[in-house]
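What follows is each chain in one-letter form.
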Amino acid sequence: MLRSLKTTQDGSKTLHVSSLDETYHSHHGALQEAKHVFIKNGINRLKKYEINILELGFGTGLNVLVTLDEYLKTDICHKINYYSLEKYPLKLEEAISLEYDKFFENESVKNAFNKIHNTDWGKSENIEKEFFLQKIEEDFYNIKD
């Protein structure tokens, strides 16, 4: 799958899949979109001891990063279990080219950028404190009971 790097209106980057003429994130702003969906209208609406998140499409990993950033900044919950399916994983070089670590002040989040892309598929990994990520390399249409 041929993917090219695009800069969005908020200065963050996304990937464009030419064969589908689709981007991984909104051209208005990859970072802005992730915060709107996963933070403002996601975990900020919850006040739970433990939150389980299922994301269909790990993609660039940006949604994981904004969720981790919010988790570390607030007392929204004690623990997050983050599950993410991805049919077409990025190569590490593609992930690094997005430079998402530049958009976060927290050193733990910056360090997590490489960690989330280097974790093994199919295994739950402790990313930071009580934030666990399990990436699943699978088409969600193939998931069965």
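Look up a bit, the structure's there.
Residues numbered from 1 in each chain as written. Predicted model: local features only at pLDDT ≥ 70, side-chain atom pairs only at ≥ 80, totals over all residues. Heavy atoms only, no water.

Caption draft 1: Representation of the side chain of His16 within the structure. Locating His16 in the fold gives a position in strand β2 (residues 13-17). With a relative accessible area of 15%, His16 lands in the buried category. In terms of polar contacts, His16 uses its side chain to reach the side chain of Asp21, at 3.0 Å. (Helix = DSSP H or I, 4+ residues; strand = E, 2+ residues; numbered from the N terminus. Buried < 20%, exposed > 50% of the residue type's maximum accessible area, 1.4 Å probe, protein only. Polar contact = N/O pair within 3.5 Å; in protein donor to acceptor, adjacent residues only side chain to side chain.)

Caption draft 2: Helix α1 (residues 30-40), seen in detail. Of the positions making up α1, those classed as buried are Ala30, Leu31, Ala34, Phe38 and Ile39. Burial along α1 is one-sided: seen end-on, the buried residues are contained in an arc of 105°. Here the buried face of α1 lies against β2, β4 (50-56), α2 (62-73) and β5 (79-86). (Arc of directions from axis to C-beta. Contact = heavy atoms within 4.5 Å.)

Caption draft 3: How the structure looks around the nonpolar core. If you look at the biggest cluster of nonpolar residues, it comprises 33 residues, and the most contacted ones within it are Leu62, Leu65, Val66, Leu68, Ile80, Tyr82 and Phe131. The set of elements that each furnish at least two residues to this core consists of α1, β4, α2, β5, α4 (107-118) and β7 (131-137). Those residues in contact with Val66 that lie beyond four places of it in its chain are Leu31, Ala34, Lys35, Phe38, Ile39 and Phe104. (Core = buried A, V, L, I, M, F, W, Y, C linked by side-chain atoms within 4.5 Å.)

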